[in-house]
Amino acid sequence: GPGQTPPPHYPGPHPSFHGELLMRLARYGVFATLVCIASAALAQLSVAVAMNETGNGVSRGAQLNSYHSIRGSGSAGRTSGGFRANATPQESFDDFMKLISGDPAYGGPAGYARALERYRQDSDPRALLQGIADAGYEVAGPARTRFVNQVNNHLNRVQSIADLPTGTPSGAAP
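Keep in mind it's a predicted model, so treat the numbers as computed, not measured.

Caption draft 1: Fine view of the nonpolar core. Leu42, Leu45, Phe96 and Leu128 are the most contacted members of the largest nonpolar core, which totals 30 residues. Setting aside chain neighbours within four positions, we find leucine 42 in contact with Met97, Ile100, Leu116, Tyr119 and Leu128.

Here you go:
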């Protein structure tokens, strides 16, 4: 947990802390902000993508609050891989929502916004995932297929945890 002493070769919180954080976020509908501007299913998809992009939260990117591997500079600079490093996890989740909404400041292709619009009509997070993958979130070919399959597996896990009767915090969608 968060109070554990990290191994000497891994600076910062113990790697399991980030995985636990992601699962806690999934269980409680991520952040109330995300649920308010989107939906519980979209928030769950964002967590599933973050789980995939950070190896269940154990990557160096997770320590830098770079949960979605979005290129560019964040509020805390960039990771060694050129992804946005953020001051808080919330910023990374906000970045993901801005990216897939087609916000021009994030350089997301128009296909992201089209996929999100389809999602708003059919509420199918798996179709949204396929739409953003096809629009360029992941390179074409076997890597894209692997990405979609892996995120769908994480989404299954997130949904099974999020559906547990836990007493959703007030203000968050079930």
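Caption draft 2: Representation of the packing of helix α3 (residues 40-53) against helix α7 (residues 125-137) in the model. Running from N to C, α3 and α7 cross one another at 50°; their axes reach a closest spacing of 10 Å. Between α3 and α7, the angle falls in the class oblique. By crossing handedness, the relation of α3 to α7 is classed as right-handed. Along the contact surface, α3 presents Ala41, Leu42, Leu45, Val49 and Glu53, while α7 presents Pro125, Leu128, Leu129 and Tyr137.

Caption draft 3: Quick look at the side chain of aspartate 95. Position of aspartate 95 among the secondary structure elements: in helix α5 (residues 89-100). With a relative accessible area of 5%, aspartate 95 lands in the buried category. Side-chain polar atoms of aspartate 95 contact the side chain of arginine 84, separated by 2.8 Å. Look past the residues within four positions of aspartate 95 in its chain and what remains in contact with it is Ile70, Arg84, Asn86 and Tyr106.

The rules behind each value
Residues numbered from 1 in each chain as written. Predicted model: local features only at pLDDT ≥ 70, side-chain atom pairs only at ≥ 80, totals over all residues. Heavy atoms only, no water. Core = buried A, V, L, I, M, F, W, Y, C linked by side-chain atoms within 4.5 Å. Buried < 20%, exposed > 50% of the residue type's maximum accessible area, 1.4 Å probe, protein only. Contact = heavy atoms within 4.5 Å. Axes fitted to C-alpha atoms, helices over the stretch in contact; angles between N-to-C directions. Helix = DSSP H or I, 4+ residues; strand = E, 2+ residues; numbered from the N terminus. Parallel < 35°, antiparallel > 145°, perpendicular 65-115°, else oblique. Left-handed = near helix turned anticlockwise from the far one by under 90°. Polar contact = N/O pair within 3.5 Å; in protein donor to acceptor, adjacent residues only side chain to side chain.

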